[in-house]
Structure formats: structure tokens, C-alpha cells
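One letter stands for each residue in the lines below.
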Amino acid sequence: MNNLLTTGFIIVIALLTAAGAAKIARLDGATYPAALTRAAIAFTTLLK
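Just so we're clear, the structure is a prediction, and the values are computed from it rather than from any experiment. (Residues numbered from 1 in each chain as written. Predicted model: local features only at pLDDT ≥ 70, side-chain atom pairs only at ≥ 80, totals over all residues. Heavy atoms only, no water.)

A.B. asks: What am I meant to see in the environment of Arg-38 here?
C.D. replies: Examined against the element boundaries, Arg-38 turns out to sit in helix H2 (residues 32-47). Taking the C-alpha atoms as reference, Arg-38 lies 9.9 Å from Gly-20; in sequence the two are 18 residues apart. Setting aside its immediate chain neighbours within four residues, Arg-38 contacts Ala-21, Ala-25, Asp-28 and Ala-30. (Helix = DSSP H or I, 4+ residues; strand = E, 2+ residues; numbered from the N terminus. Contact = heavy atoms within 4.5 Å.)

A.B. asks: Mind showing me how you'd approach the packing of helix H1 (residues 2-27) against H2 here?
C.D. replies: The description of two helices packed together rests on the angle between their axes and the distance between the axes. H2 packs onto H1 with a crossing angle of 150° between their chain directions and a minimal axis gap of 8 Å. Viewed along their axes, H1 and H2 adopt a mutual orientation that is roughly antiparallel. When you trace H1 past H2, the crossing you get is right-handed. Contact with H1, carried on its side by Ile-10, Ile-11, Ile-13, Ala-14, Leu-15, Thr-17, Ala-18, Ala-21, Ala-22, Ala-25 and Arg-26, involves Tyr-32, Ala-35, Arg-38, Ala-39, Ala-42, Phe-43, Leu-46 and Leu-47 of H2 and no other residues of that element. When grouped by side-chain class, the residues that make up the contact of H1 with H2 number 16 nonpolar, one polar and two charged. (Axes fitted to C-alpha atoms, helices over the stretch in contact; angles between N-to-C directions. Parallel < 35°, antiparallel > 145°, perpendicular 65-115°, else oblique. Left-handed = near helix turned anticlockwise from the far one by under 90°. Nonpolar A, V, L, I, M, F, W, Y, C, P; charged D, E, K, R; others polar.)

So, in C-alpha cells, the structure goes:
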């Protein structure tokens, strides 16, 4: 049970970080595909 909660917490943090990276990329003038790429990189980096 504890491992499931920890895994869920890590996934939520990774999703929030990815959303933040995409928002910052869009504010910086990146296109939507570039922002999604940056979000995907942030998400997978946190899961490693």
C-alpha cells in the first residue's frame, strides 16, 4: 500500500513539473510541439 502511494505521489509531481515546463516554454515563445517536447523531457527525467 505504501509503495502505491509513493508511486502515485511521484507521478503527480512529475505531471505538475511537466505542466510547468510546458507553460514556461509557451511563455518563452515556443510553439506547442516544442512545449510538449519540453514537457515530455521533464516528465521522463523525473521518472528516471
